[in-house]
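Below, each chain spelled out in residue letters.
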Amino acid sequence: MAGGPQSGAPSPRLPRLGLALALLAALAAVKYYRDAEAARRQEMALKSLGNEGLFLFSSLDTNNDLYISPEEFKPIAEKLTGVTPVLEFEEEETLDPSGETLSIVAKFQPLLMETMTKSKDGFLGISHIALSGLRNWTAAATPMSVMFARQFKAFLPPKNKIELGDPWWIIPSELNIFTGYLSNNRFYPPVPKGKEIVIHKLLSMFHPRPFVKTRFAPQGAVACIQAISEFYYMIAFRIHAEFQLNEPPDFPFWFSPGQFTGRIVLSKDSSHVREFKLFVPNKRSLNVDMEWLYGASESSNMEVDIGYLPQMELESSGPSIPSVIHDENGNVMDSRDPAGEPIQFVFEEINWQREISWEEAAQKLEVAMYPFKKVSYLPFTQAFGSAKAENKLVHSILLWGALDDQSC
């Protein structure tokens with residue numbers, strides 16, 4: 001008679017279960033050993049270096065393996081020798097040296113110290129060293145830079161995002177509820193890659209240590225099409241980035257503008273840029289968040305303040321122009337006329353076939369960064385009229401700063 005295993009016969013599942021349990025026990029033992037070894041090494045490092053020394057060591061040890069590799073030591077070597085090698089960025093494509101170039105001009109007015117809350121009591125209890133990076137930042141690091149038009153290819157939309165106001169991520173956020181936030185204990189930005197390169201280069205005109213990815217969400221850069229013509233796009237964009245103003249042996253000082261926004265008009269093949277502008281909005285009374293550490297670990301005391309930055313913007317001085325000029329026969333021409341004056345270029349007028357307003361484009365980007373903005377938030381003076389018309393209650397929120405940018 002057919003049937004199952006006879007009574008008393010060993011089940012084949014039992015050895016497998018035992019093997020699985022043994023494997024789990026082994027993995028747990030390995031993890032315990034690694035955690036214990038890491039804790040032991042951390043304790044030894046603390047005894048050898050002390051709190052302040054371990055803080056500095058950890059700021060360089062980017063992979064947290066308690067070893068400083070030559071790559072991690074590079075910032076200190078540059079600081080001691082005074083020699084800064086040219087970074088070899090990971091370019092997406094080789095740029096044509098004869099391609100069009102444009103001049104970008106930086107305009108910068110430093111933060112108004114009197115707008116900081118700590119200024120009300122004369123910065124009592126705050127060391128002068130802690131604010132040295134902020135006080136010394138009085139001008140743009142690079143007032144003018146010449147860039148290739150092709151470098152702005154990063155702002156072009158992907159093939160599936162050619163509708164007006166449909167946002168896409170130039171630099172996607174890498175933060176979520178599981179990753180938390182990035183370390184405060186850092187001085188030097190990681191080497192930018194891909195589409196980060198052009199944004200890093202632009203922001204470096206303000207200060208030599210921009211972080212194109214903020215420590216806190218929402219991070220990244222988002223864009224949408226504001227207008228379309230036969231050969232051109234007008235692209236609106238919003239970037240969340242921040243700067244590290246201090247260097248060792250001082251503690252980190254983070255400078256986080258509420259946002260960088262702006263727009264670019266460029267040809268669909270990115271060979272020509274008609275105009276470019278990037279800026280920190282200054283219509284609100286407070287538009288920059290500042291945070292600085294007062295200790296030698298990630299959990300050390302942190303001071304937080306907020307202030308007003310009058311001006312921080314980049315703008316092209318004109319359309320991009322050819323680096324090399326050819327005549328109708330393909331021969332290279334002199335870039336100056338017989339009188340010695342630069343040749344003047346005449347550009348055709350762009351006739352936009354479809355477009356939306358700047359306000360609508362900016363609102364689309366805002367919602368992409370902050371999904372809660374899908375609900376309308378009204379000024380106090382308008383809320384009650386709308387509530388009465390829609391027969392709804394009023395939920396009033398009082399904030400120190402703006403909830404919909406990085407300055408809060």
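It should be noted that the structure appears before, not after, this text.
Conventions and cut-offs
- Residues numbered from 1 in each chain as written.
- Predicted model: local features only at pLDDT ≥ 70, side-chain atom pairs only at ≥ 80, totals over all residues.
- Heavy atoms only, no water.
- Phe/Tyr/Trp six-rings, centres within 6.5 Å; stacked < 30°, edge-to-face > 60°.
- Helix = DSSP H or I, 4+ residues; strand = E, 2+ residues; numbered from the N terminus.
- Buried < 20%, exposed > 50% of the residue type's maximum accessible area, 1.4 Å probe, protein only.
- Lys NZ or Arg CZ within 6 Å of the ring centre and 35° of its normal.
- Pairing = 2+ DSSP bridges.
- Salt bridge = Lys/Arg side-chain N within 4 Å of Asp/Glu carboxyl O.

Regarding the packing of aromatic side chains
Scanning the entire structure with this criterion turns up 17 aromatic pairs. A centroid spacing of 5.2 Å and a plane angle of 55 degrees characterise the contact between Phe-152 and Phe-276, whose relative ring orientation is tilted. Linking Phe-152 in the loop between strand S2 (144-148) and strand S3 (168-171) with Phe-276 in strand S10 (residues 273-279), this pair joins segments that are 124 residues apart in sequence. Accessibility expressed as a relative area gives 0% for Phe-152, which makes it buried. Among the residues examined, Phe-276 registers a relative accessible area of 2% and is labelled buried. What links up through ring pairs into an aromatic cluster is the set Phe-108, Trp-137, Phe-206, Phe-243, Phe-255 and Phe-260. Here Lys-268 stacks its cationic end above the ring of Tyr-233, 5.2 Å away from the centre of that ring. Directly above the aromatic system of Phe-279 lies the positively charged group of Lys-277, at a separation of 5.6 Å from the ring centroid.

A short note on the sheet that holds strand S8 (residues 253-257)
Strands sit in the order S4-S7-S8-S11-S12 across an open sheet of five strands; the sheet is antiparallel. Each of the sheet's edge strands pairs with one partner strand only, and the pair in question is strand S4 (210-211) and strand S12 (302-307).

Some details on the pattern of salt bridges
A full pass over the atoms with the stated rule returns 14 salt bridges. A salt bridge links Lys-47 to Glu-43; the shortest N-O distance between them is 3.7 Å. One end of the pair, Lys-47, and the other, Glu-43, are both in helix H1 (residues 13-60), four residues apart, so they sit about a helical turn from each other. Look at Lys-47 and you get exposed, because its relative accessible area is 68%.

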